[in-house]
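Structural description and commentary
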Amino acid sequence: MSDSSPLPPVRLHPEAELARDALSTPLLSRAARLARWAGPETRIDAGGGLVEEQLPAAAEALGLSGDDAAAYASEAWRVAVDTGLVEVVDEEAGTVAAGEELALLTGGAPHDVLGVWLAALETVLADASVPDLDDLIGAMDAEEGAAEIDPSSLDWDPEAETEFLDGVLGNLYLLTAGEDVPGEAPVPLPALAASMIVPGDMGEPTNDMLEQVSDAMMRLDDQFRLLEPVGLVAYRPVDEALMADTDEEPASPVDDTDVSRYGMVRLTPLGLYGLRARLLEAGFEAPAVGDLADKGADALLDGTAGFPPTAAQAETEQWLARRDSLAAARELLAAARGSDAGAPLRRLLCQQALSLVGDEAEPALREVLDDPELGGLARVWLAERGASDVPAPSEELVFWLTVDTLAAQLAAEGNSDELRSLVEGLAQQHSGFFAAAWRVDHPATADVLEAMGRLHPDKRIAKEARKAAFKARSQQGG
C-alpha cells in the first residue's frame, strides 16, 4: 500500500463498545488480573519477565492449568509490563508494583482503555513476527547441535517477517473496509496467503508459487492463533487432520468445496479499529465514516468523492444529522459551485446529499433556480417532490446539465459499464445530440464528448462524438 493514496473509509463501532470488547479480550483481561495479583513478593528477571518459580502461582491466579498454563501466564505478564499495567519498582532487586495504566481500565475513558489495548496489540504483533526458534534450529544441520547454533546464522529476516505480517493485515483491512457490513464475511486463509505471493494479473499460478502459498499459510496459521487472544481477529485454524503427515505441509486448495478446513479469518470490529490506528500512525490516510461530520460542506463533498456509495451515504447522513435541513441545503449548494475539474462530481454528490433532506429545504432550492450551475439540479429536486411552479428548463440548461452529469460520472467511475449504458441511451434518444453538444459552455464539454467517442460501440456514432469533441476544443481555444 502507498501512504500517498487514501484507503477506503471504514465504519467503526462506538469507542465505548470497542473499549468493552478490549477489556473482555483474553489477553488484556489476563494481563490486568496479573497486575492486580502482583505484590511486593513478586520477582522478575533481567528482561522484565516473571522468574520461573513464580509462573505456577501466576497461572493459578489466572485459573489456568495444563501444559500451556505457564506459557499463557508468561505472555500475559509480558503484556502487563509492556502496557504499563505493571511498573518495575527496582530493576536490581527485581520488584514490581501496579502501574498507573491499571487505573485506566476501570476509571478511564473509553479512549484511554483503547490506548492500553493498542499497546498490548503492539506486543503481540511483535511476538507474532518472531518464528518458532525450535523450528528454525531444527531446519538446520542437526549435527551442529542446538548449543552450537549461532543465532545470526538462522534463516530469519526480522524486517521481512514484520513486513509480511503487516502486508497480510493490510490486505485484510482493505477487504474488510470494502464490505457493506465489515467483518461479516471471513476470508479463506489460502486466498489471503495468495494475495501476498501471486500477482493479481496472473492466470494460473506456478507450482513454485503454490508451494510458497502453502508455506505462507502455515506461517499465518501460527500468527493468527497468537493474534486471536488479543481480539484482533476471529480465526478458525487449519484443520489438524490436513497436517497429519508431519513431513508434508498441506497444499493450498484450488477446487476444494470445504475451503474453511484450510483456515478462515476475519477482522473483528476492535481489530479494524486497531489496524486503522496503526495505519494512521504510519502516515497512511485511513478515513473513517464520521470524520467529516463536524466539517464544512466543502470538506464533505471533496472527502466523499472517493468513497464507495454506501460509505458516502453513511458519512452524509451523519453530517446532515448535526444540522438544520434548510441551513445544510444552502451550505451544500454553495459548496457545489465551481468550474474546476472536481466541480461536476461535487454537484452530483450535492444532489445525492439533498435527496436525504426533507421538504423543509425547499426554499434553498428555489433560491438557486436561476443559477447557471445549480438551476438544473434544483429543478430535479423540486420535480421529484412534486413541487408546484417549477419553471421548465431551457434547452441550453438541459444540455449543460447533461454534460455536467456525464463529467461527474466519468470522474467517479471512469469508463464503467454504467457510464457506457448512459452514453448509448443518450445518443439513441437524441439524434442531434452531438450537433448541439459541442456548443455547450461547460469546461468539461470536450472531455465528455471524447469519452463518448471511446465508449460508444457504434463506430459511426463514436466518430460523430470525436468530431464534436474536436469542435469543442477549437471553440475553447484548446
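Here's what I pulled together on the structure shown here. (Residues numbered from 1 in each chain as written. Predicted model: local features only at pLDDT ≥ 70, side-chain atom pairs only at ≥ 80, totals over all residues. Heavy atoms only, no water.)

Our focus in this paragraph is the overall build of the protein chain. Tallying secondary structure elements over the protein chain gives 22 helices and five strands in all. Here the protein chain, with 478 residues, has 42% of them falling under the buried criterion. Long-range pairs, those at least 24 residues apart, make up 66% of the contacts in the protein chain with a sequence separation of at least 6. For the protein chain, the exposed area adds up to about 24,500 Å²; of that, 50% sits on carbon and sulfur atoms. (Helix = DSSP H or I, 4+ residues; strand = E, 2+ residues; numbered from the N terminus. Buried < 20%, exposed > 50% of the residue type's maximum accessible area, 1.4 Å probe, protein only. Contact = heavy atoms within 4.5 Å. Areas by Shrake-Rupley, 256 points an atom, 1.4 Å probe, with all protein chains shown as cover.)

Formed by 75 residues in total, the largest nonpolar core has its most connected members in Leu85, Tyr173, Phe224, Leu227, Leu232 and Val233. Ranked by residues supplied to this core, first place goes to helix H6 (residues 110-128) with nine residues. Each residue touching Leu227, except ones within four places of it in the same chain, is listed here: Val124, Leu125, Ala128, Leu165, Leu232 and Val233. Judged by nonpolar contacts, the second largest core, of 31 residues, contains Ala328, Leu348, Cys350 and Ala364. (Core = buried A, V, L, I, M, F, W, Y, C linked by side-chain atoms within 4.5 Å.)

Take the pairing of strand S5 (residues 264-267) next. Relative to S5, strand S3 (residues 187-188) is paired through two bridges, and the arrangement is antiparallel. Bridged to Val187 within S5 is Val265. Pairing of strand S4 (residues 233-236) with S5 involves four bridges; the strand directions are antiparallel. Within S5, the residue paired with Val233 across the bridge is Leu267. (Pairing = 2+ DSSP bridges.)

Turning our attention to the pairing of strand S1 (residues 86-90). As paired strands, S1 and strand S2 (residues 95-98) are joined by four bridges and run antiparallel to one another. When the bridges of S2 are listed, Val86 appears paired with Ala98.

Take the packing of aromatic side chains next. Applying the stated criterion across every chain, the model contains four aromatic pairs. Between the aromatic rings of Phe399 and Phe433, the centroid separation amounts to 5.7 Å while the plane-to-plane angle is 25 degrees, which identifies the pairing as stacked. Taken together, the positions of Phe399 in helix H18 (residues 395-413) and Phe433 in helix H20 (residues 433-437) put the pair 34 residues apart, joining distant regions of the chain. Considered together, Phe399 and Phe433 belong to a single accessibility category, that of buried residues. Summarising the aromatic geometry, the rings of Phe433 and Phe434 are spaced 5.4 Å apart at their centres and angled 80 degrees between planes, so their arrangement reads as edge-to-face. Given a relative accessible area of 6%, Phe434 falls into the buried group. (Phe/Tyr/Trp six-rings, centres within 6.5 Å; stacked < 30°, edge-to-face > 60°.)

Counted according to the given criterion, the structure contains 19 salt bridges. In this structure, the salt-bridge partner of Glu161 is Arg219, at a minimum N-O distance of 3.5 Å. A residue pair is termed long-range when its members are at least 10 positions apart, and Glu161 in helix H8 (residues 158-177) and Arg219 in helix H10 (residues 207-227) qualify at 58 residues. When its relative accessible area of 31% is taken as the criterion, Arg219 is described as partly exposed. One continuous salt-bridge network, built from bridges that share partners, spans Glu122, Asp166 and Arg278. (Salt bridge = Lys/Arg side-chain N within 4 Å of Asp/Glu carboxyl O.)

Another aspect to go through is a positive patch on the surface. A cluster of basic side chains, namely Arg439, Lys463, Arg466, Lys467 and Lys471, defines a positive patch on the protein surface. Within the secondary structure layout, Lys471 lies in helix H22 (residues 459-476). (Patch = residues over 30% accessible without salt bridge, like charges linked within 9 Å, V, L, I, M, F, W, Y side chains within 5 Å. Lys, Arg positive; Asp, Glu negative; His and termini not counted. Charge placed at Lys NZ, Arg CZ, Asp CG, Glu CD.)

With that settled, the discussion passes to H8. For H8, spanning 20 residues, the distance from its first C-alpha to its last is 28 Å, which sits close to the expected 28 Å at 1.5 Å a residue. For H8, the complete set of buried residues consists of Glu161, Phe164, Leu165, Gly167, Val168, Leu169, Gly170, Leu172, Tyr173, Thr176 and Ala177. (Expected span 1.5 Å × (residues − 1).)

Before going further, it helps to spend a moment on helix H21 (residues 445-455). Because each turn of an α-helix spans 3.6 residues, side chains separated by three or four positions end up pointing in the same direction. Burial analysis of H21 places eight of its eleven residues in the buried class, the great majority of the element. Buried residues belonging to H21 abut H18, helix H19 (417-429), H20 and H22.

By the element assignment, Leu165 lies in helix H8. Expressed as a C-alpha distance, the spacing of Leu165 and Gln223, which sit 58 residues apart in the sequence, is 8.4 Å. Residues in contact with Leu165, not counting those within four places in the same chain, are Leu125, Ala128, Ser129, Gln223 and Leu227.

A word on the sheet that holds S4. Judged by pairing direction, the sheet is antiparallel, and its three strands sit side by side in the order S3-S5-S4 without closing on themselves. The open sheet has two edge strands, S3 and S4, and neither has a second partner. Of the strands in this sheet, S4 and S5 touch H10, which is tilted by about 130 degrees from S4. (Axes fitted to C-alpha atoms, helices over the stretch in contact; angles between N-to-C directions.)

A few words on the environment of Glu228. With respect to the secondary-structure elements, Glu228 resides in the loop between H10 and S4. Sequence-distant contacts of Glu228, defined by excluding residues within four places in its chain, comprise Val233, Ala234 and Tyr235. There is a polar contact of 2.9 Å between the side chain of Glu228 and the backbone nitrogen of Tyr235. (Polar contact = N/O pair within 3.5 Å; in protein donor to acceptor, adjacent residues only side chain to side chain.)

This brings us to unusual backbone geometry. Of note in the backbone geometry, Asp389 takes a positive phi value of approximately 60 degrees without being a glycine. When you line up the elements, Asp389 lands in the loop between helix H17 (375-384) and H18. Overall, the relative accessible area of 70% leaves Asp389 in the exposed class.

Okay, the packing of helix H15 (residues 343-354) against H18 next. Two numbers describe a pair of packed helices, the interaxial angle and the distance between the axes. Direction vectors running N to C along H15 and H18 enclose 95 degrees, while the axes themselves pass 8 Å from each other. Between H15 and H18, the interaxial angle falls into the category roughly perpendicular. In this structure, H15 contributes Pro344, Leu345, Arg347 and Leu348 to the contact, and H18 contributes Trp400, Asp404, Ala407, Ala408, Gln409, Ala411 and Ala412. Considering only residue class, the contact of H15 with H18 consists of eight nonpolar, one polar and two charged. (Parallel < 35°, antiparallel > 145°, perpendicular 65-115°, else oblique. Nonpolar A, V, L, I, M, F, W, Y, C, P; charged D, E, K, R; others polar.)

Before going further, it helps to spend a moment on the side chain of Arg346. Structurally, the position occupied by Arg346 is in helix H15. In this view, Arg346 contacts Leu301, Asp302, Ala335, Ala336, Arg337, Gly338 and Asp340; residues no more than four positions away in its chain are not counted.

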